[in-house]
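Working through the structure, step by step
Spelled out, the chains give:
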Amino acid sequence: MSDNMRILWVTQNGGNYKNPTVTGTGGWIGAMQEAFCKRNPEVELGITFFHPFDNDDVSNDGVTYLPVEYDYGKTPLKKWIYRHSRNEEQYLNERVLAMRDKVVSFHPDIVHIWGVEDKHAQLISYLTDIPSVVHIQGFASACLFSYFAPGFSVESLKSADKYLDRVFFKRGETFEYRGFVSRAERETKLAPKVKNWIGRTEWDRTISMLLSPSSRYFHCDELLRSSFTGNNWEYHYNGKILNIQSTISYDWYKGMDIILKTALVLKEIGVCVCWNIYGWEKENKKIGVFTKTLGINPNDVGVYLKGCVDGSEIKNGLLSCDCYVHTSYIENSSNAIAEAQLLGVPVIAQNVGGTPTMLRDDSGMLVTPNDPYVMASKILEITKQEISEFYSLNAKTLAKKRHNPDVVCGDLMNIYNTIIKTAD
C-alpha cells in the first residue's frame, strides 16, 4: 500500500457528513468511517453521495465529502411536480453522470459502493476503468418475495393509503412498494456487472454468487456505534411483567403481525407482557391495517410503539428488557440484533436470510417463520435464568469478536489491497 492511497466511498447517507443525528439502528457506516480513518491516517478517504441541496465539495477531519445535489422536491408542491412531470430515469442518469465526474476528479485507487439497490449504485455502470467493490446491504430482489407478511397483499397497501395520496400525489404505501420493486429491478440489472462483493452472511454470499457467478466474495463484518459498548446486560426477570424489546422499521415484512399475534398468545395464557417496539410511531397508518386485519389492538396485548429514537434510548431499553425479539420475514444482518448481542441481551429471531449467521454458535434462538405459538414458547424458555445467561454469554462473546474495530478495519484494508493488486 502506498502512503497516499486514495479510497472513495459511494454511500446513501454521506457517512458522518455534517455530523448527522442518527435514530433507529442506523449509523454503522459512520462508525466504520470513524474507526477506519483513525487506524489508517495515511489514507485519503473521499465520500460521494446524493444530497437534497448540497453540491460543493468540503473537507473535514481528513475526509473529503463530495455531495451531488439530487432535488427530489423540497416542498410538497415541488415533489408533486417532480413525480408527475419529470422523466425520473433521465434525471437519475444525469445525476449519476455528475457523480461520476466527482469520482474521476478525486482520482481514487479503488471505489467502494455501499449497496447495489439504491440510486447511487447506478454508478457501477460507469466504473469500467477503476477497481471497485460493492458492499452488500441486503438484496431487494430477494426481499421482494417476502415483502408482504402472510395474509397481506397489494390490497393492504391500498387500505393504508388515502385515495388522493395514491392516485394524485403519488405517495404513501403503494408508491413505496413501487419504489421497492424499482430497487429490485435496478439491482438485478447491476449485479451481473459487479466483480467484487463484500458481505458478512452465508445468505448474502449465496445470493451474490447467484446474481454474479464470475464475481469474487470477500467477508468483512461491520462496526456498531460506540454507544453500544461498555455496558453488560444482567438477568433481572421478576416473574411478574415480561419486558420484551424489538427494533424494526416500517416495512411490511418486518413482522409487526408476528409481534401482535405472539403477544396475544402470551396474554391468553396469562403472561403479563410489556413489549416495546422502537421504530414505529403510534400514528403510522400501517398499524391500523394490522390491527383491523388481525383483530388485535396493540395496547390490548401489551405492545407499545415507542417511535424513532436515538441510540442511547434503544440501548437503555435493551439493558432493561428481559429479551430481544426480532421478527423480520427476511433480513441480511440486522444491526438491531447485533446491538442486542453486543450488550449480552438474549435474542430470539425468525430463521430467515442472514439471521442464522448472526445467531451462530448458540448466540440466540431461531424460530420457524410465522409461528407465534413457538415464538411465545421460546420467549418463556429464554427468560429462565440458566438459559438466559447461557445465550447472553454466547452473544457477547460472538459480538465482541465480530465487531472488533481492529479486525474489521484490517480486513477492509486487506480487501482493498487484494482488489487493487489483482485488477485487470
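Right above here is the structure, for reference.
Note that this is a predicted model, so its numbers are computed, not measured.

Cut-offs applied
- Residues numbered from 1 in each chain as written.
- Predicted model: local features only at pLDDT ≥ 70, side-chain atom pairs only at ≥ 80, totals over all residues.
- Heavy atoms only, no water.
- Helix = DSSP H or I, 4+ residues; strand = E, 2+ residues; numbered from the N terminus.
- Expected span 1.5 Å × (residues − 1).
- Buried < 20%, exposed > 50% of the residue type's maximum accessible area, 1.4 Å probe, protein only.
- Salt bridge = Lys/Arg side-chain N within 4 Å of Asp/Glu carboxyl O.
- Pairing = 2+ DSSP bridges.
- Axes fitted to C-alpha atoms, helices over the stretch in contact; angles between N-to-C directions.
- Contact = heavy atoms within 4.5 Å.
- Core = buried A, V, L, I, M, F, W, Y, C linked by side-chain atoms within 4.5 Å.

Given a rise of 1.5 Å per residue, 18 residues ought to cover 26 Å, and the 26 Å separating the end C-alpha atoms of helix H7 (residues 173–190) matches this to within 8%. When H7 is considered as a whole, its buried residues turn out to be Glu173, Thr174, Phe180, Ala184, Arg186, Glu187 and Leu190.

Further remarks concern the pattern of salt bridges. By the definition in use, this model includes 16 salt bridges. A salt bridge links Glu173 to Lys286, with the nearest nitrogen and oxygen atoms 2.9 Å apart. Of this pair, Glu173 sits in helix H7 while Lys286 sits in helix H10 (residues 285–294), and the two are 113 residues apart along the sequence. The pair formed by Glu173 and Lys286 is uniform in burial state, with each residue classed as buried.

Read across the open sheet, the 6 strands follow the order S11-S10-S9-S12-S13-S14; overall the sheet is parallel. The two strands at the open ends of the sheet, each matched to only one other strand, are strand S11 (303–307) and strand S14 (365–367). The mean inter-strand angle of the sheet, taken between neighbouring strand axes irrespective of direction, is 25 degrees. Sheet topology note: the strand S10 (residues 272–278)/S11 ladder contains 4 bridges and is parallel. Each bridged residue has a counterpart across the sheet, and for Tyr278 the counterpart in S11 is Gly307. Against the sheet, helix H9 (residues 256–268) contacts strand S9 (241–247), S10, S11 and strand S13 (347–350), and its axis sits at roughly 170 degrees relative to S10.

Attention now moves to the nonpolar core. Within soluble globular proteins, side chains that are nonpolar generally end up buried alongside one another. Within the largest apolar cluster, 77 residues are counted, with the highest numbers of intra-cluster contacts made by Ile244, Met256, Trp275, Ile277, Val303 and Ile379. If we skip the residues at most four places from it in the chain, Val303 touches Ile259, Leu260, Ala263, Trp275, Ile277 and Pro298. Core analysis: the second largest hydrophobic core is formed by 30 residues, Val43, Trp114, Leu412 and Ile415 among them.

Read these as spatial facts, not as claims about activity.
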